[in-house]
Amino acid sequence: MYIGKDVPHDSARGHVTGQSMYIDDLPPMPGELLVDFIWSPLAHARIRGIDFGDALALPGVVALYTHRDLAHNALGPILHDEPLLVEEVCTFRGQPIVVIAAESRQAIAAAKQAIRIDYEELKPILTIEDAIAAQSFIGDTRYIRRGDVETALAAAEHVIDGIFRSAGQDHFYLESQAAIVYPGEHGSLTVHSSTQHPTEVQEVIAHLLGIDMSQVVVNTKRMGGAFGGKEAQASHPAAMAALVARTTRRAARIVYDKDSDMHVTGKRHPFQNRYRVGFSRGGEITALKVDLYSDGGAYADLSPAVMARAMTHAENAYFIPHIEIRGTVCRTNLPPNTAFRGFGGPQGVSNIENILEEIAAFLKKDALDVRRANCYGVDTRNTTPYEQVVENNTLPRLFTELEERCDYRARMSAVRTFNDSSPTQLKGLSMTAVKFGISFNTKFLNQANALVNVYLDGSVQVSTGATEMGQGVNTKIRQLVADTLGVALERVVVMQTSTEKNNNTSATAASSAADLNGGAAVDACKRIRARLDAIASKHGPSLPFEALVKLAYQERVSLGERGFYATPRLDWDWTSGRGTPFLYFTMGTACAEVLIDRFTGELKVLRADVLMDIGRPINPGVDRGQLVGAFIQGLGWVTTEELRYTDAGELLSHSPTTYKIPNINDLPPEFHLDWIEHDNPVNVAGSKAVGEPPLLMAISVWCAVKHALGFVSNGEIAKLRLPASNEEILSRLMEYSRKGAAAIG
Ligand code: LUZ
Ligand code: MOS
């Protein structure tokens, strides 16, 4: 048996030796063209005219394209509202206008110099506040409501209200957006794309070029990271290269450089949330009204689905009897914001965790006690605002076990003592939770198919729609296939993802690729195994797999199968805001302790403890990697990663020199990650999805900073933006010391 074992990642060797192939490692084809594009330098502008000058006559410049060269000019995963190439009005800085195909980088640079675009600058909307003022929204405001929130707020013993802001985040995948397209016979195209969603790339190319999807094959061997950034926005470069390949009949390659990638692609959605919460003296929340606004950027992209996940995570791990959640996506003149690991979950969860810190500060209670008082129960107080029952609830257990394991009470009193005595430093400690719903919140996406081929020598190829972005989905599928077929792991190969083998696939997203594609692969393997078992019962049950395969072939029994999986039970209705959008929840608790320099605002995370319920891991080593990586990525979001823009909407922090992702020195020196033994009977091999949920565990670090600031905020509830950057912390410290001095003076 391989399930449950630390089987090495199937690319581990390739990654460390540099042999793993990424898009730009594919050797150039004779005649291959490089593809690039001119993008809008302005956030909002009307194009008065484009003058190509002598660009086409320059040596090495082969072709130039505008929107007129496309059969259709509309894409987008939900609304199809986004042009690939600007027609008249540029709606964000970075929006592609002219596609350039050339034989060298120098020729592309020369063409960019030669082409003149005349812009009439228009006034942009660059913030959520401005969008609200201008009533600039994408789609309608949506609601999830339970109980009678107004009456419950009026009757509450205490009420707090406020505004909580969380900022965006760049995906910072190491491999930028990239694609290569090879022209085939009769106008067909073979595409290699660094995408989480080969089917969407196929669909977008077919639509924009006016050809059948059957004429386009999209292959994805692997990505050098994606984090949601290649769920919807890998289509743009692939479509540009496809346009070039189809019209020139030459291979076409596009690879964004890092700075361009950061300028032109969308990011995690910034949110601004207004809340009003009613609670008892004991800290129990009786009513919550929360109004979520996200910055969707210029087009819908995945924003409505991201908002839906924020809304279904707005109560997180806590039972709230009377609640109204409103969600509105703002339209601004920024690149369309998109999927990013957590997909609205972090924005919804950080909001309620902030509220819980505030209730504790208001009541002068321990925040863990307040959280425990509100935590979902096992048999009672266990329905979400959208009326899904929280089954198999391990949250109370996770809270109790982590409190003991990390010695919470003793450390909390040590933090108080420290803060009373240290004139130079400040500590904070906080324990937060996560309950992350697993399934796409768009029901039809929760399906997958798999192709399993058994060859005459007993070796096996498996193909699914799952794409490998480093997360180890291929390794998990390999383990599932080996165990279900009863064959040695070494004999199973997971093939590159291709729309030729698996049609109409969903994005590798929502943490659910192993659930869905693993489920489909197991389905196929079970049917092959049943046929082999029938042969074994005739010929003797002790025959090895290889011998059974030979007999099956001689008896003309099929040795291939296509499997299918559709997540059961799901049922979700936006008009009522009720239903069962998730098959189950991945859960966890985390506790972080921080140290702050009172004079510089410098932040250090001293210790972090994470305890999760991730079911029975198919591959504990791979899952541990996901826990560590997601926590660190979340740490970046809540502390150091700052997207800075000019007043004109120009991104200033567009490279590693100005955009600070965590590095090895930012790791907590004491860092404990673990999970509890707990079966998840509704999912493949008893496992749970693990890709996104641990990112939200880093919210504990942010809450610990907020807790620390409460020691110097002169009795007020400390306010804090997310990220709690050193600068943000310093601003708060200065504000509180000014106010403190004024109060004394
Ligand atoms: N993508 C999507 C996602 O289309 N729907 C989702 O619910 C989702 N959740 C997380 C990440 N990507
Ligand atoms: Mo995603 S945020 O592409 O699971």
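Look up: the structure comes first, before these words.
Reference entry: report on the structure contained in this document. Because the structure is a prediction, the values reported are computed rather than measured.

Section: the environment of G649
Here's step 1: Relative to the assigned elements, G649 resides in the loop between α16 (620-638) and β26 (670-675).
Here's step 2: G649 sits in the buried class, given a relative accessible area of 7%.
Here's step 3: Placed 608 residues apart in sequence, G649 and P41 show a C-alpha to C-alpha distance of 9.7 Å.
Here's step 4: In this structure G649 touches R93, L126 and L334, once residues within four positions along its chain are discounted.

Comments concerning helix α17 (residues 699-709)
Here's step 1: Of all eleven residues making up α17, eleven are buried, and the element is well covered by its neighbours.
Here's step 2: If you check which residues of α17 are buried, you get I699, S700, V701, W702, C703, A704, V705, K706, H707, A708 and L709.

Section: the nonpolar core
Here's step 1: One finds L288, I359, V460, V481, L485 and V705 to be the most contacted residues of the largest nonpolar core, which totals 144 residues.
Here's step 2: Looking at which element gives the most residues to this core, the answer is helix α14 (residues 513-539), with eleven residues.
Here's step 3: Excluding its chain neighbours within four sequence positions, the residues that come into contact with L288 are V149, Y275, R276, V277, I320, H322, I323, E324, I352 and I355.
Here's step 4: Counting residues in hydrophobic clusters, the runner-up holds 36 residues, among them Y65, L208, A238 and V264.

Thoughts on the sheet that holds strand β14 (residues 285-295)
Here's step 1: With mixed pairing, five strands are arranged side by side in an open sheet as β7-β15-β14-β13-β8. For this open sheet the edge positions go to β7 (137-146) and β8 (158-166), each flanked by a neighbour on one side alone. Between one strand and the next, the sheet's axes are offset by a mean angle of 10°, whatever the strand orientation.
Here's step 2: When β14 meets strand β15 (residues 322-330), the two strands line up parallel, connected through nine bridges. Paired with Y293 across the two strands is T328, which belongs to β15.

Focus: the site of ligand 1
Here's step 1: By nearness alone, every residue bordering ligand 1 is listed as E231, L302, R309, F343, F440, N441, L445, A509, A510 and E692.
Here's step 2: Between ligand 1 and the protein, one listed contact pairs a nitrogen atom with a backbone N or O atom of A510 at 3.3 Å.
Here's step 3: The protein chains hide 97% of the 290 Å² of surface that ligand 1 would expose on its own.

Observations regarding the pairing of strand β24 (residues 584-597)
Here's step 1: Taking burial as the measure, the 14 residues of β24 include 13 buried ones, the bulk of the element.
Here's step 2: Bridge count for β24 against strand β25 (residues 603-613) is ten bridges, and the pairing is antiparallel. Along β25, the bridge assignment pairs V594 with V605.
Here's step 3: Here β24 folds back onto β25 in antiparallel fashion, the turn holding five residues, of which G601 has a positive phi close to 80°.

Brief notes about the sheet that holds β25
Hydrogen bonds between backbone atoms are what pair the strands of a sheet, whose relative direction is either parallel or antiparallel.
Here's step 1: Within the open sheet, the four strands sit side by side as β16-β24-β25-β26. Their pairing is mixed. The open sheet has two edge strands, β16 (425-438) and β26, and neither has a second partner. On average, each strand axis in the sheet is tilted by 15° relative to the strand beside it, whichever way the strands run.
Here's step 2: Here helix α12 (residues 408-421) sits on the sheet in contact with β16, β24 and β25, set at roughly 145° to β16.

Observations regarding the packing of aromatic side chains
Here's step 1: Inspection of the entire model under this criterion finds eleven aromatic pairs.
Here's step 2: Aromatic pair F92 and Y299: ring centres 6.4 Å apart, planes at 75°, arrangement edge-to-face. With F92 in the loop between β4 (89-90) and β5 (96-102) and Y299 in the loop between β14 and α8 (303-311), the pair connects residues that are 207 residues apart, well separated along the chain.
Here's step 3: Residue Y299 is classed as buried on the basis of its relative accessible area of 9%.
Here's step 4: Note on F172 and Y659: the rings are 6.0 Å apart at their centroids and 15° apart in plane angle, and the pair reads as stacked. Of this pair, F172 sits in the loop between β8 and β9 (178-183) while Y659 is found in the loop between α16 and β26, placing the two residues 487 residues apart along the sequence.

How each quantity is defined
- Along every chain, residues carry numbers that run from 1 in the direction the sequence is written.
- The order in which chains are written sets their letters, starting at A; the order in which ligands are written sets their numbers, starting at 1.
- Totals for whole chains, interfaces and linings use all residues, but because this is a predicted model, local features are given only for residues with pLDDT of at least 70 and pairs of side-chain atoms are given and counted only at 80 or more.
- The basis for the side-chain values is all heavy atoms of the structure; hydrogens and waters are excluded.
- Labels follow the DSSP assignment, with helices taken as runs of H or I lasting at least four residues and strands as runs of E lasting at least two, numbered in each case from the N terminus.
- Categorising residues by exposure relies on relative accessible area from a 1.4 Å probe, with only protein chains included: less than 20% of the type maximum marks a residue as buried, more than 50% marks it as exposed, and the intermediate range marks it as partly exposed.
- Contacts between residues were defined by any pair of non-hydrogen atoms, one from each residue, lying within 4.5 Å.
- Buried residues of nine kinds, namely Ala, Val, Leu, Ile, Met, Phe, Trp, Tyr and Cys, make up a nonpolar core once their side-chain atoms join them within 4.5 Å.
- Think of it this way: DSSP has to see at least two bridges between two strands before they count as a pair.
- In this analysis an axis means a line fitted to C-alpha atoms, helices contributing only their contacting stretch, and an angle means the value between N-to-C directions, from 0 to 180 degrees.
- By convention in this text, a residue qualifies as near a molecule or strand provided that one of its non-hydrogen atoms is within 4 Å of it.
- Two N or O atoms count as a polar contact when they lie within 3.5 Å, although within protein this holds only if one can serve as hydrogen donor and the other as acceptor, and sequence-adjacent residues are included solely when both atoms are side-chain atoms.
- Computed with a 1.4 Å probe, the accessible areas rest on the Shrake-Rupley method; for each residue, only the protein chains presented here act as cover.
- Each Phe, Tyr or Trp ring (for Trp, its six-membered ring) is paired with any other whose centre lies within 6.5 Å, and the angle between the two planes then decides the class: stacked below 30 degrees, edge-to-face above 60, tilted in between.

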